[in-house]
Amino acid sequence: MKIFASRTPYRSRRRRRLALKEGSRYTLLMVLAVLFLAPFLWLVSIALKTQSQLAIFPILFWPSQADWQNFVQALTLVPFWNYAANSVILAMIYAVLTTFSSALVGFGFARLKGRGKRLWFVVLLSTMMLPQIVTLIPTYVLFARLNLVNTYWPWALWGVGASPFLVFLYRQFFAAIPIDLEEAAILDGCGYGQIFWRIFLPLSLPVIVTAFLLSFVWVWGDYVTPTLLLSQDNTTLAVAISASYVDPNNDPLPNVQAAAALLYILPEIVVFFFAQRYFVRGIVTSGLKG
Amino acid sequence: MIRVQPGQTELPPAVHQPRQQRRRGWKRYSSRTFYLFILPWLAGFLGLTLIPLIYALLVSFTNFDGISPHWHWVGLSNYRELLRNTDTWYSLGRTLFFTVLAVPLNVAGGLGLAMLLNERVKAVGVLRTIFYVPSIVPVVASAIMWRLIFDRDVGVLNAVLERLRIPVITWLVDPTVFYALLIMILWGLGGGMVISLAALQGIPQELEEAAMVDGANGWQIFRRVTLPLLSPVLFFQVVTGSITSLQIFVQPLLLAGNGGGVQGLGGSVPRGDFFYMINVIQQFLVFDRFGYGSAMLWIFFLVILAITLLLFRSSSFWVYYEADHDHE
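Treat the numbers as computed from the prediction; the structure is a model and nothing was measured.

Caption draft 1: Representation of the domain arrangement of chain B within the structure. Once the domains are mapped, chain B shows domain 1 (1-59) and domain 2 (78-318). Computed from C-alpha coordinates alone, the two centres of domain 1 of chain B and domain 2 of chain B are separated by 38 Å.

Caption draft 2: Seen up close, the environment of A259 of chain A. Residue and element names in this part refer to chain A. Here A259 lies in helix α15 (residues 254-274). Judged by local crowding, A259 falls into the buried class, with 28 C-beta atoms found within 10 Å. As for A259 and Q73, which are separated by 186 residues in sequence, their C-alpha atoms are 8.6 Å apart. Ignoring any residue separated from it by four or fewer positions in sequence, one finds A259 in contact with A47, N70, F71 and A74.

Caption draft 3: Just the nonpolar core, in detail. Judged by nonpolar contacts, the single largest core of 151 residues is most densely connected at A261 of chain A together with L255 of chain B. Among the elements that make up this core, the one with the highest residue count is helix α5 (residues 80-111) of chain A (twelve residues). Sequence-distant contacts of A261 of chain A, defined by excluding residues within four places in its chain, comprise L43 and I241 of chain A together with A141 and I144 of chain B.

Caption draft 4: Main features of helix α7 (residues 132-145) of chain A. Spanning 14 residues, α7 of chain A covers 20 Å between terminal C-alpha atoms, matching the ideal 20 Å at 1.5 Å per step. Within the span of α7 of chain A, buried status applies to V134, T135, I137, P138, T139, V141 and F143 of chain A.

Caption draft 5: Broad picture of the packing of helix α2 (residues 77-84) of chain B against helix α14 (residues 290-318) of chain B. Residue and element names in this part refer to chain B. Across the interface, α2 lies against α14 with an axial gap of 9 Å and an inter-helix angle of 70°. Between α2 and α14, the angle falls in the class roughly perpendicular. Here α2 runs over α14; the crossing is right-handed. Taken together, the residues of α14 that come into contact with α2 (itself represented by N78, Y79, E81 and L82) are G291, Y292, A295, M296 and I299. Looking at the contact of α2 with α14 residue by residue, the class counts come to six nonpolar, two polar and one charged.

Caption draft 6: Summary view of unusual backbone geometry. Along the chain, D174 of chain B connects to P175 of chain B via a cis peptide bond; the corresponding omega equals -5°. Here P175 of chain B shows up in the loop between α6 (156-163) and α7 (176-186). Although it is not a glycine, N250 of chain A adopts a positive phi angle of roughly 70°. Relative to the helices and strands, N250 of chain A is located in the loop between α14 (237-243) and α15.

Criteria and cut-off values
- Residues numbered from 1 in each chain as written.
- Chains lettered and ligands numbered in written order.
- Predicted model: local features only at pLDDT ≥ 70, side-chain atom pairs only at ≥ 80, totals over all residues.
- Domains from an automatic or database assignment.
- Helix = DSSP H or I, 4+ residues; strand = E, 2+ residues; numbered from the N terminus.
- Buried ≥ 20, exposed ≤ 12 C-beta atoms within 10 Å, placed from the backbone.
- Contact = placed C-beta atoms within 7 Å.
- Core = buried A, V, L, I, M, F, W, Y, C linked by C-beta atoms within 7 Å.
- Expected span 1.5 Å × (residues − 1).
- Axes fitted to C-alpha atoms, helices over the stretch in contact; angles between N-to-C directions.
- Parallel < 35°, antiparallel > 145°, perpendicular 65-115°, else oblique.
- Left-handed = near helix turned anticlockwise from the far one by under 90°.
- Nonpolar A, V, L, I, M, F, W, Y, C, P; charged D, E, K, R; others polar.

The following block contains the structure:
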């Protein structure tokens, strides 16, 4: 310590410069954090304002008294719970099916050998790059001709068809598992069906959770597909809150819509907080190893 | 990328069977099993991707209107018309302009945030969450939020202007609505940030320390060490970001106040937000021109494909892959 003490002037100057740098970084981060949070805060502010508080000039930043009536209206002006149930049913259909089918396909690509496997894998990766909306519209036209519009069948079909993104996620995970396990099972007389079901699937629980959460959230947040394929009475919450809140004169009610939007995103954000690492795993695996 | 090559490893010869026969049986079994396992995806790919694409190609040579059975083949006339139509070029131009602005800002912004968070920062978890959450907010909700921010009568921007005694602005019309949309999209850059942050944390500390010992300053280390190592990850973001951004249409529609039901999808937007896919959707849902719309889709498919290939071509100039880094 004594030796270093002689260098104090130099070190303190350096430390001051470091502190300055640190300070400016924190300031910048705080400003950015406020900017990123602002839309949420404004949504809450609007959702708590009464119709007359909305009309005040100058525009109120924050209502002096919270008015929870908007949330009641958000739930009662439209059959909110019905729409929420539709969203959950649809998301469950898709998420359960695609979580399982993607695991099957991922296992195939990771652990099995077959003629043309390389080619199919390239095709799979390229479908991830395929402009989705370009295929969605013709698919919608086809579904209409097959009388599948206004039913939940399309989501079941998409679910069975697996998600290339999730297939990739599973494949990365399965490919890293040591081969010994598999060899031992084969020597014991297990077929690949059993190896998948008894050994690999239980091992991949974290990936299953990731796949399920991601696919559930995709359907919960999807706006275009239900708009195209479903009608007013069997559609999802996403579609319902996008335009339904009007007063008897057909004028929009932004404060009620804001309350509805909060109710709509709240479950997702709560789930996200508890399962953050699963979400992050999904996005990081795709981004780092793609 | 592939560390294990399962299935290719030879099995120890079974005790009771001649070696040759055992192995041939094993191979055949394995290939059939492979196809059994990937069958769901294969069927989905054929039925839900390939057939719709081919169907759209066929429809693009007709004057089909979506219902009427009295359609007929019109050859290439849809394609000729769309090449002549100034709306096509205008909407394509707006789309490219938006992409050229949104994608670099998105990737650079995400990288910037990631670098700010990569230093030893207190409360890094909270900050990361704050920056990331917007990217998982469903599109309907984020459109509602940003409409309320930019709204003329109840918006927070005009609340600020009123306090400053500046006349309020109608933001959600031309020309400002285009930039409002850009801001709304950039709000979701946390997805890229998380990827870049993970990549930054994967860079071995020794590399930067070695550069520092060699006398490199902060900028040089970033430019010569960090950036090359991150370039594959940034490249991935540029490619996927471009593909997403070129197809943009839900956000501008919702930002223009078109919600609920199919009518909303065919709704109108300010001219500055008249993107290619909005043009396409209107052909289908407003004008019932399924043939013409399909032709527009196919041209767009090829445009996106060409841009993607171009990006991949360009990667050899600016994307750095470590020699021993096996990539596909």
